[in-house]
Amino acid sequence: MNVDVMTFGCRLNAYESDVIRREAEAAGLADTVVVNTCAVTAEAVRQARQAIRKLRRERPGARIVVTGCAAQIEPETFAQMGEVDRVLGNDDKMRAGAWTDTRAAFEHADAFGIATEEKIVVNDIMTVRETAPHLIDGLDGRARAVVQVQNGCDHRCTFCIIPYGRGNSRSVPMGEVVAQVRRLCERGTREVVLTGVDLTSYGSNLPGAPTLGKLVRQILKHVPELPRLRLSSIDSVEADRDLLDVFASDARLMPHLHLSLQAGDDLILKRMKRRHLRADAIAFCNEVRRLRPDVVFGGDIIAGFPTETEAMFARSLDLVDECGLTHLHVFPFSPRPGTPAARMPQVPREVIKDRARRLREKGAAALARHLDGEVGARRRVLTETCDVGRTEHFTQVRLNVPVEPGVIVDLTVAGHDGRQLLAA
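Novice: Would you mind showing me how to read the sheet that holds strand 12 (residues 296-303) here?
Specialist: What holds strands together in a sheet is hydrogen bonding between their backbones, with the strands either parallel or antiparallel. Pairing in this open sheet of three strands is parallel, and the strands run 11-12-13 from one edge to the other. Of all strands in the sheet, those with a lone pairing partner are strand 11 (256-262) and strand 13 (325-332), marking the two edges. The average undirected angle you get between the axes of adjacent strands in this sheet is 20 degrees. Here seven bridges tie strand 12 to strand 13, and the two strands are oriented parallel to one another. Along strand 13, the bridge assignment pairs Gly-298 with His-327. Of the strands in this sheet, strand 11, strand 12 and strand 13 are in contact with helix 12 (residues 310-323), which crosses strand 13 at around 160 degrees.

Here it is as C-alpha cells:
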C-alpha cells in the first residue's frame, strides 16, 4: 500500500501523522496523500492550500485527504478545492474506522461521483471527551517515542485558534499511559517524550484530577527500565509541586524544559490572556534551576503582538537573559481570523519582521553560550542516527564515529560548529 503523509505545524501533528499513516494503510488505502494541516496562522493555512495544488499537479492520479486543525476549523475551504477528495476532522483522523470509511467513500465516488458537501467528515470537536489511547503506539524501533497523554485546551489565549481545532482538554488515564510506556520499553525504546496540546493541564478531566507531576511519578516508579523521560512544551504556571519534586529527585527525567512564555511584558501578557506575569516566569526558572542546576530552558516568544511598543518588546528581549533561555522559538505575530487579537491594533509588518530578527539573534547568541559551556563536558548521548545524537539537555551532537541508533553512549564534547556539539 502507498500512503504518504505531508505534515504541517507542531510536534503533536508529526506524531499523529505516524498514526494516520499506519491506520490508512491498514484500511487498505492506496496511492493516497494525507495532508495533516496546521491552523496556528493564516499563513499556515495558505501554505497547506498551496501544497495541495502542487500535489495534484505532481500526482494527478492520487487521492488527497486533508485533515488536521485547519481542516477541522475550515472544512468548506478545503472541500471546495477541486484537488481535494476528502476532508477529515481532527478527532476522526486518529480512528481506524474513519479510514475504512474513507476507502469505501472513494470506491463509491469511483462508481457514482461525489458532491462537494459529501467530502466533509468533520464532527463537533467541542463534544469530544476522550482521546484515543489505543492509537498512541507508534515510533517503535526508534530511539525516541512520543506518547500523547493529553489533547485539546480549555484556555482562550487571544491570539490562538487551536482550541477550535483540537477541542477542550482531555487526558489519557494514568494506567493506560504507564502501560503504553512499558510496551515501548519492551520494544527497545530508550527515551519517551510526553506530549499534548496543553500538557500541564493533564488530568483535569479525569477522576481525582491527577496532575502531570503525579503521572510522571507513576511512570518512573512503575517502569524502572525506562532510561529517559522527557516533557514537551509546558505552561509553567500550571506546573505542580509533584513535577518540581521529581525534577529534583530523579535523573531519568531529562533536564530540559520548553516553556510557553509568549511575551515578557505584563500588559501584553494580559492582552494575550495568558495566566502568568513576567515575574512568574522568572521565578519558575529560578526555582527549577535551584532544584536542578543543570536544567536547560527553551521558550516560545511572539514578536510584534498587537499594541506592542518598542519598550514592551525590549522586555521580551530581556526575558531571554532573565530566564536563561537556551533554545528559542520565535513566532512573528500573524493575525488569525476569528481570534480577538486579529481585531486589535496591529503592529506594522516591517516592525514585526525586525523584532523577530532581533529575537532570533538573541536566541542564537544564547545557544552559542550554551554550546561554548558544553565544550569539555562529559555527556550521555542518545543516538538518533549512526552519526547524530542528543544530550540529556536535547542538544544535538555530531558523533565522531558511527554508532548504532538507539544506543546511549558516554561522550566528551570536543567543540561545536555554532549549531551542534562535536564529540571528541
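Novice: Looking at this model, I keep getting lost on the pattern of salt bridges. Mind explaining?
Specialist: For side chains of opposite charge, pairing can occur when their charged atoms come near one another. Under the criterion given, the structure shown has 41 salt bridges. The closest approach of N and O atoms between Arg-144 and Glu-191, which form a salt bridge, is 2.5 Å. Residue Arg-144 is found in strand 6 (residues 144-148), and its partner Glu-191 is found in strand 9 (residues 191-195); the two are separated by 47 residues along the sequence. Across the pair, exposure class does not vary: Arg-144 and Glu-191 are buried alike. Between Glu-361 and Arg-357 there is a salt bridge; the shortest N-O distance is 2.9 Å. Placement of both Glu-361 and Arg-357 in helix 13 (residues 349-374) is noted, with a separation of four residues, approximately one turn of the helix. Members of the salt-bridge network, linked through shared partners, are Glu-308, Glu-310, Asp-354, Arg-355, Arg-357, Arg-358 and Glu-361.

Novice: Explain the packing of aromatic side chains to me, please; I cannot follow it from the model alone.
Specialist: One pass over the structure, following the stated rule, counts two aromatic pairs. Taking 6.4 Å as the distance between ring centres and 85 degrees as the angle between the ring planes, the aromatic pair formed by Phe-159 and Phe-305 counts as edge-to-face. Taken together, the residues Phe-159 in the loop between strand 7 (150-151) and helix 6 (163-166) and Phe-305 in the loop between strand 12 and helix 12 connect sequence positions 146 residues apart. Judged on exposure class, the residue Phe-159 and its partner Phe-305 are both buried. Ring centres 5.4 Å apart and planes at 70 degrees place the aromatic pair Phe-305 and Phe-333 in the edge-to-face group. Note that Phe-305 is positioned in the loop between strand 12 and helix 12 and Phe-333 in the loop between strand 13 and helix 13, a separation of 28 residues in sequence. Classification of Phe-305 as buried rests on a relative accessible area of 0%.

What counts, and where the lines are drawn
- Residues numbered from 1 in each chain as written.
- Predicted model: local features only at pLDDT ≥ 70, side-chain atom pairs only at ≥ 80, totals over all residues.
- Heavy atoms only, no water.
- Pairing = 2+ DSSP bridges.
- Helix = DSSP H or I, 4+ residues; strand = E, 2+ residues; numbered from the N terminus.
- Axes fitted to C-alpha atoms, helices over the stretch in contact; angles between N-to-C directions.
- Contact = heavy atoms within 4.5 Å.
- Salt bridge = Lys/Arg side-chain N within 4 Å of Asp/Glu carboxyl O.
- Buried < 20%, exposed > 50% of the residue type's maximum accessible area, 1.4 Å probe, protein only.
- Phe/Tyr/Trp six-rings, centres within 6.5 Å; stacked < 30°, edge-to-face > 60°.

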